[in-house]
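So you can see what is in the structure, the chains are spelled out below.
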Amino acid sequence: MRAVLLWIVSDFPTYAMLSGWSTHDRLACPYCSNYSGSFQLQFGGKACWFDCHKQHLPTRHCFRKDKINFRKNIAVKHEIHLPEPSGEEIWQTIQHFPTVYQGKPYGKGYKKPPGFGVTHNWVKRSIFWELPYWHKLLIRHNLDVMHIEKNVFENLFYTIMGTDNSKDNMKARQDIESLCDRPLLNPICDSNGKMTKVRGDYTLQKDDAKNVCVWLKKLKFPDGYASNIGSCVNIEKYSFYSFKSDDCHVFMQRLLPLAIRGSVSKETYEAVTELCMFFQVLCSKTLHIYDLVNMKRTIVQTVCKLEKIFPPGFFDSMEHLVIHLADEALLVVRCNTDGCINMRGSLKLRHATQNFAPQHPSSSGGDSQLSMFVVPSRRLYEKGGKRRHMDAEEHKKAHTYVILNCEEVPPYVIEFDKVAPQLYPDEPTLFLKDDHFADWFKTRVRMGLSDGSTRYLEILANKPSKYVQSHNGYFVNGYKFHTQMYGKGLVTNNYGVFVRGEAHIAEESDYYGLLDEVIELQYYGNGPHTVVLFNCTWFDNNRGVIVNKNKLVDVNPKYQLRSNDPFVLASQAKQVFYTSYPAVTRDTKGLWAVVKTKAQHIYEVANDGNTEAHEFLQINERFELPNEAEVFEEELFEEEEFKDDEHTSDDDDDDDDDQMVCSDPSSDEGTHDC
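Presented here is a report on the structure given in the accompanying data block.

Glancing now at the packing of aromatic side chains. For the structure on display, the rule yields 36 aromatic pairs. On the basis of an interplanar angle of 80 degrees and a centroid distance of 5.1 Å, the ring pair of F314 and F315 is categorised as edge-to-face. Accessibility classification places F314 together with F315 in one group, the buried group. An aromatic cluster of at least three residues, connected via ring pairs, comprises F153, F157, Y158, F240, F243 and F251. Between R378 and the ring centre of F475, over which it is positioned, the NZ or CZ distance is 3.9 Å. Over the face of the ring belonging to F498 we find K596, whose NZ or CZ atom lies 4.4 Å from the ring centre.

Right under this line is the structure:
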């Protein structure tokens, strides 16, 4: 048995200890090294990566010539390509270094290696270089996304909220005055020499900050989604305690765009939202190479947008490392695609959490293998629920929805579409499936029983019992759902339902609703077979669902879908929760923001002959950034402008000023009024 150490994931301080590359001072970035363009702040005194990212933009990007919103009188004309030293080249540099060092790399008694702090930041030779294959690996030390995300979030949130931990202090304003052309943010000095600063448009006013604190205190999450973030808020002093990494992860990706909407400038909101969407895509369950390539370019522009807004002191090494996360993810994905070992025939992993749901016991009997009857799910309370009778209309709707959404039935749906106009010539085409498909399907299945071609559909073709078991909640798809009425007064919010559209028509949009009832529908053949249905109140997806350009979704609870089909399969349902906005503006008044959640379970079960293929139940969800064309379309210069630049006189190059850089529904009343 042999083991291979592929790479190490650690936070940035541990990165230095394990790799031997010092993560302090101007050369802290192990990728950019001395090409980053970082510098020391005059008043802040720390290493800064402000205005160091224009060199990574496309050659014709308009930010390159901007001498006002970044460092004044500085433009960047040439795109820099960072060298990627191979393992052999790195080994040639560090092979004579000791494996341990005495003292601190920046201490007085430390003897610096040749070139340290100038061309590299190596302080020792990592012991991992003793592995014979270490120099052949494409990536050895991964950046910790959670650690970077936490630091970036805290810098953003505390600066926007204007807390004592804000990066927008008096020293930062002095650095703005010396580096930037932003007179409105320069410190004001009175006759006594005392300096004061005015509020930037990226910082909330006191009333808005109070509203955010109150909003966080009342916010309700689904079970297993996040900890009680409200416990980190001091409602009296309107201050915050330390956020945990998981809190920062949820807040950064889902809540921060909601917290600041309507309270900051449009430019600030869009830049921060783009950064949040970047982390959301990066941390999604499935990474697509196309998305990562797109993210690799868009994240540089997003960081540049932030540089136009926040002070130089805001940009430490954490904000810079963000631009390398997509590179690392892209490299790891390609490594796994090209060089991973195929273990599908032997791997068996089951990760059970509090939302884990095994095979429904009443669906496991019999000889039917239809997809409808093999969905892992369980009741909220095994002995709970009540038995009730469905009227004829409700019974027909439920049965019709079940057979239309069975994976094995689409060929018969196509056949019905062809013959229905002849069978029912006097009836509207739009309602033919709802009114007649169930009866036609039963007849069609009976016709095929003679040759056995439809035997597997016989149980489904026979109508289910009109007596159903009604429940207040269910575990399915890794979520814990409960109804609106059951959730009234609870500290959790588990009744938001989201179902993807495009069931039969490509133009259909997604549906959002509130769970009213969970129904167990019983089909009988060789034993009972259970189908779990959600009875929901749906929002009108034309008037009541709003999707903005950042792909954030709002719903207007006033507009409910007037539909005769309130049912959805529990296996189709994903969970969301709804929240009002802390700032009530013309754009947000009466709206609920939709926050999508991730399932709290993983199924990775290999097909080894004893396990059926239908046990692969975890569907990977793909998050996408805004359209690339929309992101870059307005940011590029015309080609003629650059032609003029190429013929600029030599006098411009000699100008000292024109330097070149080498580098709520959370409240119960609001929920049930709808």
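Listed as buried for helix 4 (residues 170–179) are A172, R173, Q174, D175, I176 and L179. Looking at the packing, one finds that the buried side of helix 4 touches strand 2 (39–40) and strand 7 (195–196).

Relative to the elements of secondary structure, D66 occurs in the loop between strand 3 (47–48) and strand 4 (74–75). Among buried Asp, Glu, Lys and Arg side chains, D66 stands out as unpaired, with K308 the closest opposite charge at 4.7 Å. Of the polar contacts made by the side chain of D66, one reaches the backbone nitrogen of I68; its length is 3.0 Å. Apart from residues no more than four positions distant in its own chain, D66 is found in contact with K54, I74 and K308.

Over the atoms rolls a probe the size of a water molecule, and its path tells where empty space is left. Space inside the second largest pocket adds up to approximately 1500 Å³. Looking at the second largest pocket, it is lined by 46 residues, and the ones nearest its centre are Y31, L82, P83, E84 and P85. For the lining of the second largest pocket, the elements supplying multiple residues, two or more each, are helix 1 (12–19), helix 2 (87–94), helix 8 (289–307) and helix 9 (317–339). Of the residues contributing to the lining of the second largest pocket, the split by class is 23 nonpolar, 13 polar and 10 charged.

The next subject is unusual backbone geometry. Positive phi outside glycine occurs at D25, with the angle close to 65 degrees. Note on placement: D25 falls in the loop between helix 1 and strand 2. A relative accessible area of 34% places D25 in the partly exposed class. With a phi close to 65 degrees, N73 is a non-glycine residue in the positive phi region. Classification of N73 by relative accessible area gives partly exposed; the value is 34%.

With that out of the way, let us pick up a negative patch on the surface. Taken together, the side chains of D391, E393, D426, E427, D434, D435 and D565 define an acidic patch exposed on the protein surface. With respect to the secondary-structure elements, D391 resides in the loop between strand 12 (386–389) and helix 10 (392–404). D391 sits in the partly exposed class, given a relative accessible area of 45%.

This part takes up the packing of helix 10 against helix 12 (residues 432–448). It is the contact of helix 10 with helix 12, at a shortest axis distance of 9 Å, that shows an interaxial angle of 70 degrees. Overall, the two elements helix 10 and helix 12 adopt an arrangement that is roughly perpendicular. Mapping the contact onto sequence places K396, H399, T400, I403 and L404 in helix 10 and K433, D434, D435, F437, A438 and F441 in helix 12. Here the residues of the contact of helix 10 with helix 12 sort into 5 nonpolar, 2 polar and 4 charged.

Along the chain, the position of R173 falls in helix 4. A polar side-chain atom of R173 sits 2.7 Å from the main-chain carbonyl oxygen of V198. The residues touching R173, leaving out its near neighbours within four places in the chain, are D168, L185, P187, K197, V198, R199, G200 and Y202.

Conventions adopted
- Note on numbering: residues in each chain are counted from 1, in written sequence order.
- Only residues with pLDDT of at least 70 are given local features in this predicted model, and only at 80 or more are side-chain atom pairs given and counted; all residues enter the totals for whole chains, interfaces and linings.
- In computing side-chain values, all of the structure's heavy atoms are included and hydrogens and water are not.
- Note on aromatic contacts: the rings of Phe and Tyr and the six-membered ring of Trp form a pair at centre separations within 6.5 Å, being stacked when their planes are under 30 degrees apart, edge-to-face when over 60 apart, and tilted otherwise.
- Exposure is judged per residue with a 1.4 Å probe applied to protein chains only, and the accessible area is read against the type maximum: over 50% gives exposed, under 20% gives buried, and values in between give partly exposed.
- Counted as over-ring charges are cases with an Arg CZ or a Lys NZ within 6 Å of the ring centre that also lie within 35 degrees of the ring normal.
- A run of H or I in DSSP counts as a helix once it spans at least four residues, and a run of E counts as a strand once it spans at least two, with each numbered from the N terminus.
- Should any heavy atoms of two residues lie within 4.5 Å, those residues are considered in contact.
- Think of it this way: Lys and Arg go in the positive column, Asp and Glu in the negative one, and His and the chain ends go nowhere.
- A side-chain nitrogen of Lys or Arg and a carboxyl oxygen of Asp or Glu constitute a salt bridge if their distance falls within 4 Å.
- Polar contacts, as used here, are pairs of N or O atoms within 3.5 Å; protein pairs need one atom able to donate a hydrogen and one able to accept it. Residues neighboring in sequence count only if both atoms are side-chain atoms.
- Put plainly, a pocket is an open set of points on a 1 Å grid over the protein atoms alone with protein on both sides within 12 Å along at least five of seven lines, a cavity is a set where a 1.4 Å probe fits but cannot get out, and a lining residue has an atom within 4 Å of a point.
- Grid points are joined across faces, edges and corners, and a volume is the space filled by probe spheres set on the points.
- Classification used: nonpolar for Ala, Val, Leu, Ile, Met, Phe, Trp, Tyr, Cys and Pro, charged for Asp, Glu, Lys and Arg, polar for all others including Gly.
- Residues enter a patch when their relative accessible area is above 30% and they make no salt bridge; the linking distance is 9 Å between like charges and 5 Å between nonpolar side chains (Val, Leu, Ile, Met, Phe, Trp, Tyr).
- Only the protein chains shown count as cover for residues, and all accessible areas are computed by the Shrake-Rupley method using a 1.4 Å probe.
- Here the site of a charge means atom NZ of a Lys, CZ of an Arg, CG of an Asp or CD of a Glu.
- Inter-axis angles, ranging from 0 to 180 degrees, are taken between N-to-C directions of lines fitted to C-alpha atoms, where helices are fitted over the stretch in contact.
- When describing relative orientation, an angle under 35 degrees is termed roughly parallel and one over 145 degrees roughly antiparallel, while 65 to 115 degrees is termed roughly perpendicular and anything else oblique.

Just geometry here; none of it tells us what the structure is for.
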